[in-house]
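Chains, contacts and geometry: an overview
Chain by chain, the residues:
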Number of protein chains: 2
Amino acid sequence: MNDRQKLMQREILLGFWKVHILHHAGEGPVVGHWMLQELRHHGYDVSPGTLYPLLKRMEKNGWLSSEQDLKKGPKSPKRYLLTNEGRQVLALAKQQARELCRETTPSDTEDGEQ
Amino acid sequence: MNDRQKLMQREILLGFWKVHILHHAGEGPVVGHWMLQELRHHGYDVSPGTLYPLLKRMEKNGWLSSEQDLKKGPKSPKRYLLTNEGRQVLALAKQQARELCRETTPSDTEDGEQ
DNA sequence: CTCTTTCATTACGAATACCATAAACGATAA
DNA sequence: TTATCGTTTATGGTATTCGTAATGAAAGAG
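A few points on the structure. Because the structure is a prediction, the values reported are computed rather than measured.

1. Side note on the overall build of chain A
When you go through chain A residue by residue, the secondary structure sums to four helices and three strands. Ordered by position in the sequence, the α and β elements of chain A form the string α-β-α-α-β-β-α. Counting only C-alpha atoms and orienting by the principal axes, one finds that chain A spans roughly 65 × 35 × 20 Å. Here chain A, with 114 residues, has 42% of them falling under the buried criterion. A fraction of 48% describes how many contacts in chain A between residues 6 or more apart in sequence connect residues 24 or more apart. Accessible area of chain A: about 6600 Å², with a carbon and sulfur share of 48%. Side chains of chain A carry 17 positive and 15 negative charges; the gap between the two charge centres is 14 Å.

This is the structure:
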């Protein structure tokens, strides 16, 4: 991964894939390790030291809930799901994302056009 | 500002308005103090302690360049402009933002539709 | 049964970023 | 002179990010 990508990652993209995470958690249970790979597929390079604390924080914030089968050991997969609060946060975030797109890319339906 | 908004701000929205800043800097010189108000108008509550270091960091990253008329004192307005590197970063960020929107909102033109 | 690999999380410490608030400075208005 | 506005810098506590290493169970190879 090049330098620009790395700087962007921390400064900007980080916030983007947090939204991705919420979105995924809204469609079904997500597991940290799986998310790690999913993000890599999308070109993000995330370290466990970033993702796992993030997941915990989102749970603490009330955006996600988790369940883990502790009978299968302390390192058994933890499944995260979007809560109602998380759903609202996601909705707001998506709205802001759309606004960001709208404002930063010239639209054909805006005035001042032609 | 309520609790949810505050958490979202740091976790997610922060990254969004960094893109806004780059965008603005691409359209003309931006000044920290002005940006601070601009962001407030858009409902973001940003403190100087966040914004000014950010601007400096973006300059250090090569995304922005700044000019200041020091004859008018050390606290005279600093005008930031988007660099070429910044332009590329902005382009990538916009692309990712669009992808975020595309993936998180069901599109009418995707397969699996209807 | 032992060894290795894979799936998955936790732990940790250094570097960085965020935030509220205070201080500073010049200009302008009262 | 004093106050206010526009503007940046300074500062210190707290929270995030990151790379890496440790841990543990399960599954496959031999």
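Read on, since the account is not over.
2. With respect to the sheet that holds strand E3 (residues 78-82) of chain A
All names here are of chain A. Spatially, three strands are ordered E1-E3-E2 in an open sheet, and the strand pairing comes out antiparallel. Every interior strand has two partners, whereas the edge strands, strand E1 (30-31) and strand E2 (64-68), have only one. Bridge count between E2 and E3: five bridges; the pairing is antiparallel. The residue bridging Gln68 from the neighbouring strand is Lys78, located in E3. In this fold helix H1 (residues 3-27) packs onto E1, E2 and E3, with an angle of close to 95 degrees to the strand it touches most, E3. The strands that helix H3 (residues 48-60) touches are E2 and E3; relative to E2, the one it contacts most, it runs at about 115 degrees.

3. Considering the sheet that holds strand E2 (residues 64-68) of chain B
Residues and elements named next belong to chain B. Strand order in this open sheet of three strands is E1-E3-E2, and the pairing throughout is antiparallel. A strand with exactly one partner marks an edge of an open sheet, and here the two such strands are strand E1 (30-31) and E2. The pairing of E1 with strand E3 (residues 78-82) spans two bridges and is antiparallel. If you follow Val31 over to E3, its bridge partner there is Arg79. Across the face of the sheet, helix H3 (residues 48-60) comes into contact with E2 and E3 while running at roughly 115 degrees to E2.

4. Details of the layout of surface pockets
Its boundaries defined by the atoms lining it, the largest pocket holds a volume of some 630 Å³. Contributing to the lining of the largest pocket are 25 residues, with Gln9, Arg10, Leu14, Lys18 and Thr50 of chain B lying nearest its centre. Looking at the lining of the largest pocket, the elements that each hand over two or more residues are H1 of chain A together with helix H1 (3-27) and H3 of chain B. A per-element tally of the lining of the largest pocket places H1 of chain B first, with nine residues. Taken together, the residues that form the lining of the largest pocket break down as nine nonpolar, six polar and 10 charged.

5. Let's talk about the environment of Lys56 of chain B
Residues and elements named next belong to chain B. Looking at the element boundaries, Lys56 is found in helix H3. You can call Lys56 exposed: its relative accessible area is 52%. Setting aside its immediate chain neighbours within four residues, Lys56 contacts Lys78 and Tyr80.

6. Considerations on the nonpolar core
As a rule of thumb, soluble globular proteins bury nonpolar side chains together. Residues Phe16 and Leu51 of chain A together with Phe16 and Leu51 of chain B are the most contacted members of the largest nonpolar core, which totals 58 residues. Once you skip the residues sitting within four places of it in the chain, Phe16 of chain B turns out to touch Phe16, Val19, Ala93, Gln96, Ala97 and Leu100 of chain A together with Tyr44 and Leu100 of chain B.

7. Description of helix H4 (residues 84-104) of chain A
Residue and element names in this part refer to chain A. Taking 1.5 Å as the rise per residue, H4 with 21 residues should run 30 Å; its terminal C-alpha atoms sit 30 Å apart, in good agreement. Gly86, Val89, Leu90, Ala93, Lys94, Gln96, Ala97, Leu100, Cys101 and Thr104 are the residues of H4 that are buried. An end-on view of H4 places all buried positions within 165 degrees of arc, on one side of the element.

8. Thoughts on the protein's contact with DNA strand C
Neighbouring DNA strand C are 22 residues; His33 and Tyr52 of chain A together with Leu14, Gly49 and Arg57 of chain B lie closest to it. Here, DNA strand C places atoms within 4 Å of the protein, and 74% of those atoms are sugar or phosphate. One of the side-chain nitrogen or oxygen atoms of Thr50 of chain B is found 3.0 Å away from a phosphate oxygen of DNA strand C. Note that a base nitrogen of DNA strand C is positioned 3.1 Å from one of the side-chain N or O atoms of Lys75 of chain B. Breaking the surface near DNA strand C down by element, the ones donating at least two residues are helix H2 (32-41) and H3 of chain A together with H1 and H3 of chain B. At four residues, the largest contribution of residues to the surface near DNA strand C is made by H3 of chain B.

About the thresholds
- Residues numbered from 1 in each chain as written.
- Chains lettered and ligands numbered in written order.
- Predicted model: local features only at pLDDT ≥ 70, side-chain atom pairs only at ≥ 80, totals over all residues.
- Heavy atoms only, no water.
- Helix = DSSP H or I, 4+ residues; strand = E, 2+ residues; numbered from the N terminus.
- Buried < 20%, exposed > 50% of the residue type's maximum accessible area, 1.4 Å probe, protein only.
- Contact = heavy atoms within 4.5 Å.
- Areas by Shrake-Rupley, 256 points an atom, 1.4 Å probe, with all protein chains shown as cover.
- Lys, Arg positive; Asp, Glu negative; His and termini not counted.
- Charge placed at Lys NZ, Arg CZ, Asp CG, Glu CD.
- Pairing = 2+ DSSP bridges.
- Axes fitted to C-alpha atoms, helices over the stretch in contact; angles between N-to-C directions.
- 1 Å grid on protein atoms, 1.4 Å probe; cavity = no way out; pocket = protein on both sides within 12 Å on 5 of 7 lines; lining within 4 Å.
- Points joined across faces, edges and corners; volume = space filled by probe spheres on them.
- Nonpolar A, V, L, I, M, F, W, Y, C, P; charged D, E, K, R; others polar.
- Core = buried A, V, L, I, M, F, W, Y, C linked by side-chain atoms within 4.5 Å.
- Expected span 1.5 Å × (residues − 1).
- Arc of directions from axis to C-beta.
- Near = heavy atom within 4 Å.
- Polar contact = N/O pair within 3.5 Å; in protein donor to acceptor, adjacent residues only side chain to side chain.

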